[in-house]
Every structure is written in C-alpha cells, then in structure tokens.
Amino acid sequence: MRTWLLIAALAIPMLSQAQKNKKGPSSYNLIVGTYTKKGSEGMYVYRFYPESGRLAYLNSTTGVSNPSYLTVSSNNKFVYATNENDNGEVSAFSFEPKGGRLQFINKQPSLGGSPCYITEDQERKHVIVANYSGGNAVVLPVNADGSLGRVSQNMQDQGKGINAERQEKPHVHTTVLSPDEKYLIYSDLGTDRLNVMHYRATQPQPLSPATPAYISLTPGSGPRHIAFTPDKKHLYAVAELGATIIAFDYNNGKLKQLQSMSLLRDGFTGNGAGAADVHVSPDGRFVYATNRGDANEIIVYAIAPETGMLTFVERKSSMGKAPRNFAIDPTGKFLVVSNQDSDSIFVYKIDTETGKLTYTNNHIEVSMPVCLKFASAE
C-alpha cells in the first residue's frame, strides 16, 4: 500500500508537467499591419500574454508603405504583406519570433491596384493576393529562402454590380484557401460573387475554375471577408454593402446558402454599410463579425452544431471607430480588435461557454491599425 502511494505521489508532478507541455506556447506575438499615411512605421510586433490578455511592444519596421494585410508562414519564419497602393506590391520579410524582428527580403508587383488580402498555403509553395482596385486575384511563387517570385498566374474578374458608386467594376477582397487546401474561395465585392477555384499547390499555375465556378449573392450586398468552421462543413461571409452575415453549407468546393442576417440592431439609423471582418472561434461554437460605418460594433452569434445556422448572442462596442479587422488568440479566450480611424487596439475576454465578450482594460495606441495576426513567440 505504501509503495503504491509513493508511486502515485511521484506521478502527480510528472503528469502535471506533461499537461503543461500540452498547453503550447506560454505567449504569442501579435503582428499589426497599418496604413502609413498618418505616420505609422509600417508593421508592429507585440508580445501577447494569454493568461491576462496583456500586450507589450517588441519591435517595428520602417519604410514599409501601407502593409494593410499580412500572412505568417506555416514555419513561423516569414511574414508577407500587401502594400495597398495604386501600384500594388507584395513584400516578403524574415521573422525572428522571440524578439519580434522583421527583416525585409524583397517585393514584387501585384499586377493590380490596392492589394488588400494575402494568404500562403501550408506547403509554402505560393502566396495568393486579392487586388481590390485591380479586380483580380494573383499567385506568386515562394522561394526556398522566403523571397517572392514574380506573379505566375493572374485571375481577372469581369462584370459589375447594381451599386453604381461601389460596384462599378470587380473588386476582389479576399483569397481564402479551404481547410484541406484543395480549393480557393475569393470574394468579389463588385460582382456579388464568391468565386471557387481548384487549388493544386505543386503546379506553377495552381488555380483553375471549379464547377460551379461561383455562387451569386444578393445584388448589391458586396461580399467581403469569409471564414470556415473547424469541422470544414460551413462557411460564413460578411457582406460589406448589405451589412449582413451569410451562412453556407460547404462540401468539397460546393457552397449552398443557408441563412442571411442583418448585422444592424433593430431600429438602427445612420450609415450601417460597413461590414468588415468575420472569424469563427477555435472550438467552432461561435461566429464574430465587425461592422463599421456608424455602428462600430462586434456582433456575436452562436452556431447550431448540426445545421450551421446562426443565432444572435450579443453586440459590443469596438471602443473606437472603423473596426476593420480583428483576431481571436490561439487559446480561444481573447478577441483583439483594431479600430482604424481612432488609432486603437482593444482586447476582450471571451466567455467560452456563452461566446460573450468582456473588455479587459488592455488596449494600445497604433496609427491606423488594419490587420492583426497571431503567431507563436517561439
């Protein structure tokens, strides 16, 4: 009996250490992309502490013009940024996570104006970029040293929408790979379409139209950002011009619309046409979306596990103006939102049982923050 108790006592600290090892990194980096027209240095790196939601400045870049959207490589060694200007470019940086240091490698033309979204596949074969003003999605090869080659494929959209001011031509807004990376979904705000492409990472020109090649949304809605559920069965889109969130069934490159809900509160008056970003919680139970205009809110929805349908939970002030982008930390316990027009970033605690948000009193000031990306600090 005594021998058994001794073994059990010795096992307790060993189990505790094993449990600690399973928890993953004790801290993360938050990389911030900005518009630089008001004095921002470009990109900023902060240490994020998941036990409290605290942010601490680490490093920044200089001389980088309008790095408005970022993606971090799967090996955590490189960061790629869109340079959102009329003559669009894409920049590559090496990344040293412990010190948060970014070192410029090279840049390439994006062959379209105002590149606003970028993604890289897990095999690190290509980055895929959305050119908003150019109305096209382009592919650039990734070299072994992390540098970018010239555009290898250019998918040019055609057409327009019913909103003469905002939909006068195609406006590609996102390029998102499916969870299995067999398909690329890219939204076109100008034509009210979600386009679907086969993606074959090993090919020099990896994109080809799927069947069907797109799904049309409500005319004038203006689809913007999209997000998949962890179980790969559903996709959610926010429509900027219509201020709606739209739920879809997803199956092997095929989309079926299930539901469309307004992001605006009942009786809302003012400019509500500013839906911006959408993300699904890591546990797949909740969807979060932001709306700009005169609303400036984060809206929370619960996901029905069997059907993917959404139920409204709550709405929270973003504590600023124009919440263009936000991110959920890897632990799923915090949401961090960037307010472009009030130069601020705020941290909220997520109640993982209800999905509701509570402001943590953690916030930082950054000039025109427009993209937030979490990465391991190790």
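Placed above this text is the structure.
Described in the following lines is the structure provided in the data block. From a predicted model like this one, the values you see are computed outputs, not experimental measurements.

## With respect to the pattern of salt bridges
Phase 1: Within this structure, the stated rule accounts for eleven salt bridges.
Phase 2: Ionic contacts of the salt-bridge type, sharing partners, join the residues Arg 166, Arg 224, Glu 240 and Arg 292 into one network.

## Let's talk about the environment of Gln 205
Phase 1: Relative to the helices and strands, Gln 205 resides in the loop between strand E14 (193–199) and strand E15 (207–216).
Phase 2: C-alpha of Gln 205 to C-alpha of Gln 153: the two residues are 52 residues apart in sequence and 5.6 Å apart in space.
Phase 3: Excluding residues within four positions of it along the chain, Gln 205 makes contact with Ser 152 and Gln 153.

## So, the side chain of Gln 340
Phase 1: Relative to the elements of secondary structure, Gln 340 occurs in the loop between strand E25 (334–339) and strand E26 (344–350).
Phase 2: Within the structure, Gln 340 has its side chain in polar contact with the side chain of Asp 341 (distance 3.5 Å).
Phase 3: Residue contacts for Gln 340: discarding those within four places in its chain leaves Tyr 35, Lys 321, Ala 322, Arg 324, Met 368, Pro 369 and Val 370.

## Observations concerning empty space enclosed by the protein
Phase 1: For the coordinates displayed, the defined rule picks out two cavities of 30 Å³ or more.
Phase 2: As for the largest cavity, its lining consists of Ser 68, Tyr 69, Cys 116, His 173, Arg 224, His 225, Arg 324, Asn 325 and Val 370.
Phase 3: Sorting the residues of the lining of the largest cavity by element identifies strand E4 (67–72), strand E16 (223–228) and strand E24 (323–328) as the ones contributing at least two each.
Phase 4: Of the residues that constitute the lining of the largest cavity, the class distribution is three nonpolar, four polar and two charged.
Phase 5: Counted as a void, the second largest cavity has a volume near 30 Å³.
Phase 6: Forming the boundary of the second largest cavity are Val 196, Pro 212, Tyr 214, Ile 215, Gly 253, Lys 254 and Leu 255.
Phase 7: Among the elements of the structure, E15 and strand E19 (254–262) are those that each provide at least two residues to the lining of the second largest cavity.
Phase 8: For the lining of the second largest cavity, the element with the highest residue contribution is E15, accounting for three residues.
Phase 9: When the residues that make up the lining of the second largest cavity are grouped by side-chain class, the tally is five nonpolar, one polar and one charged.

## A look at the environment of Asp 180
Phase 1: Note that Asp 180 resides in the loop between strand E12 (176–177) and strand E13 (183–188).
Phase 2: Asp 180 sits in the partly exposed class, given a relative accessible area of 37%.
Phase 3: Taking the C-alpha atoms as reference points, Asp 180 and Glu 378, separated by 198 residues in sequence, lie 26 Å from one another.
Phase 4: Of the polar contacts made by the side chain of Asp 180, one reaches the side chain of Ser 178; its length is 2.7 Å.
Phase 5: Here Lys 182 takes part through its backbone nitrogen, which lies 3.0 Å from a polar atom of the side chain of Asp 180.

## Re the sheet that holds strand E9 (residues 126–131)
Phase 1: The strand order across the open sheet built from four strands is E8-E9-E10-E11, with neighbouring strands paired in antiparallel fashion. Of all strands in the sheet, those with a lone pairing partner are strand E8 (115–120) and strand E11 (153–156), marking the two edges. Going from strand to strand, the sheet's axes swing by 15 degrees on average, the running direction of each strand aside.
Phase 2: For E8 and E9, the ladder comprises five bridges, and the chain directions are antiparallel. Opposite Thr 119, over in E9, you have Ile 128 as the bridge partner.

## Digging into the sheet that holds strand E22 (residues 297–303)
Sheets are built from strands paired through backbone hydrogen bonds, the pairs being either parallel or antiparallel.
Phase 1: Strand order in the open sheet formed by four strands is E20-E21-E22-E23, and the pairing between neighbours is antiparallel. The sheet terminates laterally at strand E20 (275–280) and strand E23 (310–317), the two strands that pair on one side only. If you compare each strand with its neighbour and ignore which way they point, the axes differ by 20 degrees on average.
Phase 2: Pairing geometry for strand E21 (residues 286–291) and E22, over six bridges, is antiparallel. Counterpart to Tyr 288 in the pairing with E22 is Val 300.

## Re the nonpolar core
Phase 1: Counting residues in hydrophobic clusters, the biggest one holds 60 residues, and the most contacted among them are Tyr 80, Ile 185, Leu 194, Leu 235, Phe 248 and Leu 255.
Phase 2: Of all hydrophobic cores here, the second largest spans 16 residues; its members include Leu 55, Ala 327, Phe 334 and Leu 372.

Reading the values: the criteria
- Numbering of residues starts from 1 in every chain and runs along the sequence as written.
- Local features are withheld for residues below a pLDDT of 70 in this predicted model, meaning they are given only at 70 or higher, and side-chain atom pairs are given and counted only at 80 or more; totals for whole chains, interfaces and linings count all residues.
- Based on all heavy atoms of the structure, the side-chain values leave hydrogens and waters out of the count.
- Every case where a carboxyl oxygen of Asp or Glu lies within 4 Å of a side-chain nitrogen of Lys or Arg is listed as a salt bridge.
- The helix count covers DSSP runs of H or I at least four residues long, the strand count covers runs of E at least two residues long, and both are numbered beginning at the N terminus.
- Any pair of residues with heavy atoms lying within 4.5 Å of one another is described as a contacting pair.
- Residues adjacent in sequence count toward polar contacts only when both atoms are side-chain atoms; beyond that, a polar contact is any pair of N or O atoms within 3.5 Å, and within protein one must be able to donate a hydrogen and the other to accept it.
- The distinction between a cavity and a pocket rests on a 1 Å grid over the protein atoms alone: a 1.4 Å probe fits inside a cavity but cannot get out, while a pocket stays open yet meets protein on both sides within 12 Å along at least five of seven lines, and a residue with an atom within 4 Å of a point counts as lining.
- Grid points are joined across faces, edges and corners, and a volume is the space filled by probe spheres set on the points.
- Each residue gets one label: Ala, Val, Leu, Ile, Met, Phe, Trp, Tyr, Cys and Pro are nonpolar, Asp, Glu, Lys and Arg are charged, and the others, such as Gly, are polar.
- Under the scheme applied here, a residue whose accessible area is under 20% of the maximum for its type counts as buried, over 50% as exposed, and between as partly exposed, the area being computed with a 1.4 Å probe on protein chains only.
- Here, strands pair whenever DSSP counts at least two bridges between them.
- Working convention: axes come from line fits to C-alpha atoms, limited for helices to the stretch in contact. Angles between N-to-C directions cover 0 to 180 degrees.
- Grouping buried Ala, Val, Leu, Ile, Met, Phe, Trp, Tyr and Cys residues that are joined through side-chain atoms within 4.5 Å yields what is termed a nonpolar core.

That's the geometry; what it means functionally is another story.
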